[in-house]
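Summary of structural features
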Amino acid sequence: MASYGAWMAAQSASAVATNLTVVDRVPADMLHMVDAHWYQFPPMNPLWHSLLGFAIAILCFISLVGNGMVMYIFTNTRTLRTPSNLLVVNLAFSDFLMMFTMGPPMVINCYYETWVFGPLACEIYGMFGSLFGCVSIWTMTMIAFDRYNVIVNGLSGKPLTNNGALARIAGVWVATLAWTLAPFFGWNRYVPEGNMSACGTDYLTDTFSSRSYILVYSIFVYFSPLFLIIYSYTFIIKAVSAHEKNMREQAKKMNVASLRSSEAQNTSTEMKLAKVALVTISLWFLAWTPYLIINYTGIFKASPISPLATIWGSLFAKANAVYNPIVYGISHPKYRAALYQKFPSLSCTDPADDTQSVASGTTTVVSTEKTESA
């Protein structure tokens, strides 16, 4: 380790002595997009490019396979074809597209140690990353609203229909597409990031237009969904806690062990699925918070931003597309059962456990669920 540290120091000193920078490999037609901030940094060690390319390749493979299976199983299993699960399929579709469009270009750019696809492709790449990340979080927000309707409102709530789910999905895509297309029309812009192997929003240009976009967009894509999700899950937890308390009190009065009826069992099932959704949402915010911090650090000039920090922050955000299939594979009862049936070698549990799985996250009334189960 000592010799490696000495080698790194020697390489950095050599780069400074010869005035090499991280921008030197950038093609001439891309230089107008590179902020002057990056010219102060020496070239990154090729080992970092190799590690980054290897990491994104592994994440890309896992995401494409995992989210592909989620879409296949949820659309080809009768008991999983519910209005609520249309939102789950849309989430998997967005995550699939995230890695399908982000992964391969970054691997190629890491090989060449710079962006090699030209200015337009850089802008499209940045737009896709922003679009699919935004679609994912607002789809999760719609899922949280659905859990709120089922658990808090119960039978008095209006069940989600296929048309209602499709309308919500269409609204999410249209709204997020409008926001992510704005940089093409002069409100901020998409530029190379860090080690020049990926592109994203411009958080270094010191203008009102650039700063205002980052601030307003962060409210739309980060803080607003966070507030709405916290609001939904606060009432979900309160409703379930009150329900369980009433059940225990009634059971105590009647001197029985439990009063858990089919309706109570359904409430328990919905809460389990709400927990699955809460885990995926929490992972999203954990993944994207470092990238938000990097953007805010840039627009407020809080501290110097290194190429290595930005690129790993970007990778950490993109890795969110990998988490959801794993969470569903571990936690979703009906998904586990269908996974075992269609892909036994990939099942996360034994078939004996899955036969005890409870109903999936449908928003239809209890009597309908019983009929379908029968």
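In this text the structure is predicted, and so the values were computed from the model without any measurement.

**Structural notes on the overall build of the chain**
If you tally the helices and strands in the chain, you get 12 helices and 2 strands. In the chain, the succession of helices and strands from N to C terminus is α-α-α-α-α-β-β-α-α-α-α-α-α-α. For the chain, buried positions account for 49% of its 374 residues. Intrachain contacts of the chain at a sequence separation of at least 6 include 76% that bridge at least 24 residues.

**Digging into the state of the cysteines**
Enumeration according to the criterion identifies 1 disulfide in this entry. The disulfide partner of Cys122 is Cys199, and the S-S distance across this bridge is 2.0 Å. One quick way to see it: the torsion about the S-S bond of Cys122 and Cys199 is about -115°, and its sign makes the bridge left-handed. One end of the pair, Cys122, is in helix 4 (residues 119-153); the other, Cys199, is in strand 2 (residues 198-201), and 77 residues separate them in sequence.

**Overview of the packing of aromatic side chains**
Tallied over the full model, the rule gives 27 aromatic pairs. With 6.2 Å between their ring centres and 55° between their planes, Phe93 and Trp173 make a pair best called tilted. Residue Phe93 is found in helix 3 (residues 83-112), and its partner Trp173 is found in helix 5 (residues 162-181); the two are separated by 80 residues along the sequence. With 6.2 Å between their ring centres and 45° between their planes, Trp179 and Tyr217 make a pair best called tilted. Here Tyr217 lies in helix 6 (residues 208-253) and Trp179 lies in helix 5, a separation of 38 residues in the sequence. Overall, the relative accessible area of 22% leaves Trp179 in the partly exposed class. An aromatic cluster is defined as three or more aromatic residues linked by ring pairs; in this entry it consists of Trp138, Trp179, Trp187, Tyr213, Tyr217 and Phe220. Between the NZ or CZ atom of Lys238 and the centre of the ring of Phe235, over which it lies, the distance is 5.5 Å.

**Focus on the pairing of strand 2**
Across 4 bridges, strand 1 (residues 190-193) lies against strand 2 in antiparallel orientation. Residue pairing for strand 2: Pro192 is matched across the bridge by Cys199. The hairpin turn running from strand 1 into strand 2, its antiparallel successor, is 4 residues long, and Gly194 in that turn takes a positive phi close to 45°.

**Comments concerning the pattern of salt bridges**
Proximity of charged atoms lets side chains of opposite charge pair with each other. With the rule as written, the count across this model stands at 4 salt bridges. Of the charged contacts in the structure, one is a salt bridge between Arg147 and Asp146, with a shortest N-O distance of 2.7 Å. For the pair formed by Arg147 and Asp146, the shared burial category is buried. Salt-bridge contacts for Arg189 lead to Asp202; the nearest nitrogen and oxygen are separated by 3.0 Å. Placement of the pair is Arg189 in the loop between helix 5 and strand 1 and Asp202 in the loop between strand 2 and helix 6, with a sequence separation of 13 residues. Overall, Arg189 belongs to the partly exposed group, its relative accessible area being 28%.

**With respect to helix 3**
An α-helix turns once every 3.6 residues. As a result, residues three or four positions apart point the same way. The end-to-end C-alpha distance of helix 3, which contains 30 residues, comes to 45 Å, matching closely the 44 Å that a straight helix rising 1.5 Å per residue would cover. Most of helix 3 sits inside the fold, with 21 of its 30 residues counted as buried. Two residues or fewer after helix 3 comes Glu113, characterised by a positive phi angle close to 65°.

**Digging into the packing of helix 4 against helix 5**
Between helix 4 and helix 5, the least distance of the axes is 9 Å, while the angle of their chain directions is 145°. Handedness of the helix 4/helix 5 crossing: right-handed. Contacts between helix 4 and helix 5 involve Met127, Ser130, Leu131, Phe132, Cys134, Val135, Trp138, Thr139 and Met142 from the former and Arg168, Val172, Trp173, Thr176, Leu177, Thr180 and Leu181 from the latter. Residue classes in the contact of helix 4 with helix 5 are distributed as 11 nonpolar, 4 polar and 1 charged.

**Remarks on the UniProt feature "transmembrane region" (unreviewed entry) in the chain**
In the UniProt entry, the feature "transmembrane region" (unreviewed entry) is given for residues 51-74, 86-104, 124-145, 165-187, 214-237 and 276-294. Structurally, residues 51-74 comprises 100% helix and 0% strand, and the distance from its first C-alpha atom to its last is 34 Å. Across residues 214-237 one finds 100% helix and 0% strand; the C-alpha atoms that close the span lie 33 Å apart.

**Some remarks on a nonpolar patch on the surface**
Taken together, Phe54, Ile58, Phe61, Ile62, Val65 and Ile326 make up a surface patch of nonpolar side chains, about 570 Å² in accessible area. Relative to the elements of secondary structure, Phe61 occurs in helix 2 (residues 46-76). Relative accessible area serves as the criterion here: at 60%, Phe61 is assigned to the exposed category.

Parameters and conventions
Residues numbered from 1 in each chain as written. Predicted model: local features only at pLDDT ≥ 70, side-chain atom pairs only at ≥ 80, totals over all residues. Heavy atoms only, no water. Helix = DSSP H or I, 4+ residues; strand = E, 2+ residues; numbered from the N terminus. Buried < 20%, exposed > 50% of the residue type's maximum accessible area, 1.4 Å probe, protein only. Contact = heavy atoms within 4.5 Å. Disulfide = S-S within 2.5 Å. Phe/Tyr/Trp six-rings, centres within 6.5 Å; stacked < 30°, edge-to-face > 60°. Lys NZ or Arg CZ within 6 Å of the ring centre and 35° of its normal. Pairing = 2+ DSSP bridges. Salt bridge = Lys/Arg side-chain N within 4 Å of Asp/Glu carboxyl O. Expected span 1.5 Å × (residues − 1). Axes fitted to C-alpha atoms, helices over the stretch in contact; angles between N-to-C directions. Left-handed = near helix turned anticlockwise from the far one by under 90°. Nonpolar A, V, L, I, M, F, W, Y, C, P; charged D, E, K, R; others polar. UniProt positions renumbered as here; feature names shortened; annotations may be inferred. Patch = residues over 30% accessible without salt bridge, like charges linked within 9 Å, V, L, I, M, F, W, Y side chains within 5 Å. Areas by Shrake-Rupley, 256 points an atom, 1.4 Å probe, with all protein chains shown as cover.

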